[in-house]
Structure formats: C-alpha cells, structure tokens
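Read off the chains here:
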Amino acid sequence: MTLSTTYNTIEINDLPIFYREAGRRDSPTLLLLHGLPSSSRMYEPLLQRLADRYRLIAPDYPGFGHSACPSPSEFAYTFDHLAEIMTAFADELGLSRYSLFMQDYGGPVGFRMVMAHPDRTDALIIQNAVAHETGLSHLWGPRRAFWADRAAHEVELRRNLFSLEATRRRHVGSDPRIERYDPDLWTDEFAFLGRPGQENIQTELFYDYRSNVAAYPFWQEWLRRNQPRLLVIWGRHDPSFDLSEPESYRRDVPEADIHILDAGHFALDTAADEVAALVRSFLGTVGASAPQVTYPQ
C-alpha cells in the first residue's frame with residue numbers, strides 16, 4: 001500500500017471539506033488541527049515524516065484552505081460551529097479513536113471536541129495553542145479592545161491581522177535567523193487571505209475568539225481532572241503566545257512532556273524533524289511515568 005499523501009474532499013453538513021491524508025488506515029490515527037491563517041498545508045512536513053507509523057488526517061476548517069468558504073450571512077463562524085463540523089468530519093471518516101495535534105486555532109477547536117467526546121482521544125499534542133489567559137502576549141491589547149467595542153476597533157483589528165507584514169510576523173516572530181524561513185510560507189497565506197470574502201470570514205471568527213478566553217477555566221479544570229497524556233511543543237519565537245504557557249500546562253498536568261524549540265509560532269516551518277521525532281517518541285511511549293522537559297541551549 002502506498003504511503004503517499006492523498007488530497008480529498010467530502011461533504012459535511014452540505015459543505016465540501018478538504019483534507020489531506022497519509023499512512024495506512026489500520027495505523028493509529030493522528031488528527032491534525034491547523035491554526036490561523038493557515039490550513040492543512042502546514043502539516044505537510046509531518047505527513048511526510050510520520051506516515052510510516054501513523055494514519056495522519058489534516059482537514060481544512062470551513063472558511064480556510066480548500067474547504068468551502070460560505071459567507072458569514074450563510075454560516076456562523078464560531079469556534080463552537082467549527083468544532084461541530086470537525087466532529088462530524090471525524091464521524092464521517094469513522095474515526096472512533098485518535099490522538100489530536102492542535103496548533104493555534106486548533107486548540108480551541110480541539111478542546112471542544114475533546115470535552116464533547118473525551119472517550120475518543122488517546123493523547124493530546126499542543127503546539128503553540130493557548131488555554132490560559134496569561135499565555136496571551138501584549139499583542140492581544142488591540143484584539144481585546146475589538147472584543148469590547150467591535151465598531152470602534154474593527155479597522156485596527158483588520159490591520160493587525162491581515163496585512164502582509166502581520167502575516168509574515170506570525171511566522172518569523174522574534175527569530176533573528178530569518179534566513180531559515182521560506183517566504184512562500186507567508187506570501188501563499190497572504191494570497192489566501194486576499195480571496196473575496198476572507199477578511200469578513202476571519203473577522204467574524206476572531207470576534208468569537210473571546211469565547212475561547214471565557215472557556216479557558218473549563219479546559220484547565222478538564223485537564224486537571226482527567227490528566228490526559230499530553231505533549232507540549234513550543235516555538236520560543238512566537239510573538240502572540242507567551243513562553244510561560246507551557247509551564248501553565250505543566251501545572252494542570254504535572255506528567256506532561258514539555259519541549260521548548262528554537263522555532264516560531266509555526267514550529268514546523270523550521271523544526272519539522274524535531275517535531276516529528278518528539279511526536280513519534282511520545283505516541284510510541286504508552287504509560288510513560290516521568291515527564292520530559294527540554295529547553296534550547
């Protein structure tokens with residue numbers, strides 16, 4: 001059987017949902033949930049590196065990548081709704097058990113899926129996704145202002161999120177070695193953001209991000225109560241999410257594996273080999289009793 005990646009579309013609630021898949025169908029499943037403003041494309045490095053051992057499935061949310069992009073007047077762009085669609089997607093593919101890899105927006109989508117169906121999740125892998133308010137950096141000042149008074153701050157919010165420079169900064173962050181980053185990472189994403197209707201879609205969804213902040217205490221309580229198998233991989237050059245966040249996860253789940261990488265918000269941009277090795281080791285070690293913590297030299 002070939003291990004090549006396939007590119008597929010299925011109908012979920014009358015919406016075409018695109019997804020990438022690699023690996024054998026009888027292998028343990030890893031469901032990969034992407035961030036903003038990316039798509040399943042961000043996971044291509046993992047699909048290439050882990051398909052020999054796992055079945056990897058990476059969907060695009062509605063409004064992202066190659067999935068349907070209905071207007072906000074036809075589709076409610078909320079994280080509750082995205083999680084509902086992704087749960088239906090997993091059901092349609094017959095995914096009764098899987099591990100979740102959650103990056104950025106993948107965190108709020110994934111936590112909702114886990115809390116709705118905790119019996120389906122074998123393990124959680126978090127890569128620069130926040131579940132504690134202290135994990136939001138100073139860049140969230142204009143974003144909080146937008147939540148408090150949308151009419152007064154929407155223009156500033158759009159400038160903060162959708163410019164070419166903002167799209168570039170999400171990848172490079174504070175990393176001084178910018179030569180490590182392929183410019184196609186942000187120019188391609190910027191081209192997607194420039195499609196008709198995209199700014200309206202992403203603005204609606206970002207306005208709902210305040211619902212994630214309100215849900216953080218519930219996610220934290222779930223983590224403390226259930227103590228899931230948890231791997232936290234953190235790119236230290238992330239401008240949006242604070243470097244304190246991995247230790248916040250440790251307080252909730254003391255046995256968590258925590259690894260701080262010399263990478264940015266999208267760690268797979270420059271550290272795909274490291275991330276793949278960490279995932280392979282973590283998922284291959286069932287019932288490990290001692291956490292691992294690594295920090296870059």
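Structural data are supplied above this passage.
Residues numbered from 1 in each chain as written. Predicted model: local features only at pLDDT ≥ 70, side-chain atom pairs only at ≥ 80, totals over all residues. Heavy atoms only, no water.

Q: What is the right way to read the side chain of R55 from this model?
A: Structurally, R55 is set in strand 4 (residues 55-59). Only 2.7 Å separates the side chain of R55 from the side chain of E21, close enough to count as a polar contact. Not counting residues up to four positions away in its chain, the partners in contact with R55 are E21, A22, G23, R24, R25, S27, P28, T29, L30 and L95. (Helix = DSSP H or I, 4+ residues; strand = E, 2+ residues; numbered from the N terminus. Polar contact = N/O pair within 3.5 Å; in protein donor to acceptor, adjacent residues only side chain to side chain. Contact = heavy atoms within 4.5 Å.)

Q: Quick question: what am I supposed to make of the packing of helix 3 (residues 106-116) against helix 9 (residues 210-226) here?
A: Any two packed helices are characterised by how steeply their axes cross, that is the angle between the axes, and by the distance between the axes. At a closest axis distance of 11 Å, the pairing of helix 3 and helix 9 adopts a crossing angle of 50°. Comparing their axes, helix 9 and helix 3 come out oblique. Helix-helix and strand crossings are classified by hand; for helix 3 and helix 9 the assignment is left-handed. Facing P108, F111, R112, V114 and M115 of helix 3, the residues of helix 9 in contact are S211, N212, F218, W219, W222 and L223. Class assignment for the residues of the contact of helix 3 with helix 9 results in eight nonpolar, two polar and one charged. (Axes fitted to C-alpha atoms, helices over the stretch in contact; angles between N-to-C directions. Parallel < 35°, antiparallel > 145°, perpendicular 65-115°, else oblique. Left-handed = near helix turned anticlockwise from the far one by under 90°. Nonpolar A, V, L, I, M, F, W, Y, C, P; charged D, E, K, R; others polar.)

Q: Explain unusual backbone geometry here, please?
A: With the exception of glycine, the majority of residues adopt a negative phi angle, and the majority of peptide bonds are in the trans configuration. The peptide bond linking L36 to P37 adopts the cis configuration, its omega dihedral lying at -10°. The phi angle at N13 is positive, at roughly 50°, despite the residue not being glycine. Along the chain, N13 turns up in the loop between strand 1 (6-12) and strand 2 (15-22). In this structure, Q227 takes a positive phi of about 45° despite not being glycine. In this structure, Q227 sits in the loop between helix 9 and strand 7 (230-235).

Q: Would you explain the packing of aromatic side chains in this entry?
A: To describe a pair of aromatic rings, one takes the distance between the centres and the angle between the planes. According to the stated counting rule, one finds 19 aromatic pairs in the structure shown. Between Y105 and Y209 the ring centres are 5.9 Å apart and the planes differ by 35°, which places this aromatic pair in the tilted class. Here Y209 lies in the loop between helix 8 (198-207) and helix 9 and Y105 lies in the loop between strand 5 (98-103) and helix 3, a separation of 104 residues in the sequence. With centroids separated by 5.9 Å and ring planes inclined at 20°, the aromatic side chains of W140 and F241 adopt a geometry described as stacked. With a gap of 101 residues between them, W140 in the loop between strand 6 (121-127) and helix 4 (141-148) and F241 in the loop between strand 7 and helix 10 (245-252) connect regions that are remote in the sequence. The structure contains a cluster of three or more aromatic residues connected by ring pairs, namely Y61, F64, F79, Y105, W140, W147, F206, Y209 and F241. R150 extends its terminal NZ or CZ atom over the ring of Y207, reaching a point 4.9 Å from the ring centre. The ring of W186 is capped by R168, whose NZ or CZ atom sits 5.7 Å from the centre of that ring. (Phe/Tyr/Trp six-rings, centres within 6.5 Å; stacked < 30°, edge-to-face > 60°. Lys NZ or Arg CZ within 6 Å of the ring centre and 35° of its normal.)

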